[in-house]
Amino acid sequence: MLAEFDLIRRYFTPGGTAGAESRGMTLGVGDDASLLLPRSGHELAVSVDTSVVDVHFPGDAPARALGHRALAVAVSDLAAMGARGRFCWMALTLDAQRLADEHAAEAWLAGYARGFMDGCARWETALAGGDVTSGRLAISVTVMGEVPAGQALRRSGARVGDVVAVTGALGGGAGGLELWQRGERDLDHPLLRRYLLPEPALEAGMALRGLASSAMDISDGLLADLGHIRCASGVDAVLKVDALPLADGLGAALGADEARRAALSGGDDYELLVTLPPANLARAQQALEAAGIALTAIGRCVAPGEGQNAAEILETATGGRRGWQHFTSPDPAPTEPPR
Ligand SMILES: Nc1ncnc2c1ncn2[C@@H]1O[C@H](COP(=O)(O)OP(=O)(O)OP(=O)(O)O)[C@@H](O)[C@H]1O
Ligand SMILES: Cc1ncc(C[n+]2csc(CCOP(=O)(O)O)c2C)c(N)n1
Ligand SMILES: [Mg+2]
């Protein structure tokens, strides 16, 4: 396997700094730190997300998908803030034992780097630096985006009477994980794509600035994540479970009950969960439609305490599973190392 610095030079040093996506980066990969020029009138949105083998992704998933996914889930937090991507940093922990075979190691790294770098170009998030270490396979991605000052979407702006809405469709992430565990390996399968090749809702987040009263991305599951908005905003919520937009093919793959459960508490969807004053809903739907994205109303914000009955109904609908929480969710079975 290549030594640390050869590996960085070969796979993670973007060619040149003239590209549109690297504008504002005075110094990128290669020094002790990167140097950036913030744009005046903008706030920086910064977030870090760690993906660990067997916890967030199966170790035997295609390397290219892992590069794509690690960046996508981090960029999704920028989308949730209504920010656009600018830069990212990638801390990669590689399992040297699993990459002992030189050819296999190079094929894995080339695929991984392609998935990650394609994502950098696609989401205008230039790789500005990182870290490479050895240990259990894990990828930690810091993203930095920007948003016109004062316009970021927060979790704390929901008000009683606001509509609760979601972009796209739900349950596909959990559905894809379930299919992967059943042995499905076709990355063109729409549900597998939702799990392994998620698309951060950047366009939607930016289009919702000034229209949504609060927003976040759905990583842990709709119910768990709605809980964060409720808590940050001091409101309760009532959901129309029958109105949830389900990912294509989810019902056929999992059955109706499991499909609803996946949409409510499965997680890994990386859609946006937003609240809006009712008067803004139609305008927001039109704005997103122009980008080919659906925005579906699924409930209402109500006064604290008034959502309780709905919570009980949801508890029943999900068999008590409210979403992903590290340390309390079951440990997934480890996967076989790739050979
Ligand atoms: N180790 C930590 N130190 C300081 N703040 C943290 C730490 N871990 C999480 N946080 C903060 O807690 C909040 C919730 O973190 P969390 O990782 O759950 O974000 P999220 O967007 O809800 O989920 P995801 O990780 O799926 O993007 C964020 O504001 C985050 O910055
Ligand atoms: C192999 C495998 N098993 C289980 C899951 C499910 N899962 C793990 S962490 C998480 C929430 C988001 O993580 P975080 O809150 O750390 O961003 C979810 C839904 C998965 N993705 N892969
Ligand atoms: Mg988030």
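Figured I'd write up the structure that's included with this text. A quick note: this is a predicted structure, and the numbers were derived from the prediction, not measured. (Residues numbered from 1 in each chain as written. Chains lettered and ligands numbered in written order. Predicted model: local features only at pLDDT ≥ 70, side-chain atom pairs only at ≥ 80, totals over all residues. Heavy atoms only, no water.)

### Quick look at the coordination of the magnesium ion (ligand 3)
For the magnesium ion (ligand 3), the full set of protein donor atoms is Asp 77 (OD) and Asp 217 (OD), and the range of their distances to it is 2.0 to 2.1 Å. With Asp 77 in helix 2 (residues 63-80) and Asp 217 in strand 8 (residues 214-217), this residue pair connects regions lying 140 residues apart in the sequence. By the burial criterion, Asp 77 is buried, and Asp 217 matches it. (Donors = N, O, S within 2.8 Å, 3.2 Å for Na, K, Ca; no water. Helix = DSSP H or I, 4+ residues; strand = E, 2+ residues; numbered from the N terminus. Buried < 20%, exposed > 50% of the residue type's maximum accessible area, 1.4 Å probe, protein only.)

### Remarks on the site of ligand 2
Within the structure, ligand 2 sits among 15 residues, and His 56, Tyr 195, Asp 220, Asp 268 and His 326 are positioned closest to it. Measuring from a nitrogen atom of ligand 2, one finds a backbone N or O atom of Val 55 at 3.2 Å. The side chain of Asp 220 places a nitrogen or oxygen atom 3.0 Å from an oxygen atom of ligand 2. Within the complex, the protein chains bury 89% of what would otherwise be the 530 Å² of accessible surface of ligand 2. Grouping the amino acids of the shell around ligand 2 by side-chain chemistry returns six nonpolar, four polar and five charged. Summarising the domain contributions, the shell around ligand 2 has at least three residues from each of domain 1 (4-148) and domain 2 (163-317). (Near = heavy atom within 4 Å. Polar contact = N/O pair within 3.5 Å; in protein donor to acceptor, adjacent residues only side chain to side chain. Areas by Shrake-Rupley, 256 points an atom, 1.4 Å probe, with all protein chains shown as cover. Nonpolar A, V, L, I, M, F, W, Y, C, P; charged D, E, K, R; others polar. Domains from an automatic or database assignment.)

### Points about unusual backbone geometry
One non-glycine residue, Asp 54, lies in positive phi territory at about 70°. Within the secondary structure layout, Asp 54 lies in the loop between strand 3 (42-52) and helix 2. For Asp 54, a relative accessible area of 7% gives the class buried. Here the phi dihedral of Glu 124 falls at roughly 50°; this positive angle occurs in a residue that is not glycine. As for its placement among the helices and strands, Glu 124 is situated in the loop between helix 3 (102-122) and strand 5 (126-134).

### Notes on the nonpolar core
Among the nonpolar cores identified, the biggest contains 71 residues, and Tyr 112, Val 141 and Leu 208 are the most heavily contacted of them. Broken down by element, the residue count for this core peaks at 11 residues, all from helix 2. Two domains each donate at least three residues to this core, and these are domain 1 (4-148) and domain 2 (163-317). Apart from residues lying up to four places away in sequence, Val 141 is in contact with Ser 47, Val 48, Asp 49, Ala 70, Leu 71, Ala 74, Cys 88, Trp 89, Met 90 and Phe 116. Ranked by size, the runner-up nonpolar core spans 21 residues in total, among them Leu 239, Val 241, Leu 244 and Cys 301. (Core = buried A, V, L, I, M, F, W, Y, C linked by side-chain atoms within 4.5 Å. Contact = heavy atoms within 4.5 Å.)

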